[in-house]
Amino acid sequence: MIPKKRIRLSFLVQKTQKLLFWWLSGCAITLASVYLFQMNHVSMQGYVLTRETQENAKLSAKMGQLDAQIARLETREYVLKVSEKEQMIARTREQFIVLKDTFTAQK
């Protein structure tokens, strides 16, 4: 018969406590890492959304400027086509001139 090895109970308890401590520490570190990466992901989405919003505002401003330039050029072209004589109508026996309505480029 082989003799059984005797181990103190306090040694087994101590070993179990260490194992439990390391296991709980590992779980805590893993959960903290997952939380950190999740928050980083969420904040990056907010950052990207902010950049896209700013870019959209810049492009909208440029588009407004281009629309204004186009309207100005169309108005200038219309004015050049129509001579001043055609715009003015002289009334008989009166000392003033009435201008016809002039239409400008509209959106």
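Residues numbered from 1 in each chain as written. Predicted model: local features only at pLDDT ≥ 70, side-chain atom pairs only at ≥ 80, totals over all residues. Heavy atoms only, no water.

## Notes on the overall build of the chain
Okay, so step 1: Each helix and strand counted, the chain has two helices and two strands in total.
Okay, so step 2: When the helices and strands of the chain are read in sequence order from the N terminus, they spell out α-α-β-β.
Okay, so step 3: Within the chain, buried positions represent 2% of all 107 residues.
Okay, so step 4: Total accessible area on the chain stands at roughly 11,000 Å², and carbon and sulfur atoms take up 63% of it. (Helix = DSSP H or I, 4+ residues; strand = E, 2+ residues; numbered from the N terminus. Buried < 20%, exposed > 50% of the residue type's maximum accessible area, 1.4 Å probe, protein only. Areas by Shrake-Rupley, 256 points an atom, 1.4 Å probe, with all protein chains shown as cover.)

## Some thoughts on the packing of aromatic side chains
The description of an aromatic ring pair uses the distance of the two centres, along with the angle that the planes make with each other.
Okay, so step 1: Per the stated rule, a full pass over the model turns up one aromatic pair.
Okay, so step 2: Ring centres of Phe 21 and Trp 22 lie 5.6 Å apart, and the angle between their planes is 70°; on these two criteria the pair is classed as edge-to-face. In this pair, the class of Phe 21 matches that of Trp 22, namely exposed. (Phe/Tyr/Trp six-rings, centres within 6.5 Å; stacked < 30°, edge-to-face > 60°.)

## Quick notes on a nonpolar patch on the surface
Okay, so step 1: Among the surface-exposed residues, Leu 9, Phe 11, Leu 12 and Val 13 lie close enough to one another that they form a single nonpolar patch of about 390 Å² accessible area.
Okay, so step 2: Locating Leu 9 in the fold gives a position in helix H1 (residues 9-81). (Patch = residues over 30% accessible without salt bridge, like charges linked within 9 Å, V, L, I, M, F, W, Y side chains within 5 Å. Salt bridge = Lys/Arg side-chain N within 4 Å of Asp/Glu carboxyl O.)

## With respect to the confidence of the model for the chain
Okay, so step 1: Residues with a pLDDT of 70 or more make up 75% of the chain, whose mean pLDDT is 82.
Okay, so step 2: When mean pLDDT is compared element by element in the chain, H1 scores highest at 90, while strand E1 (residues 88-90) scores lowest at 60. (pLDDT = per-residue confidence, 0-100.)

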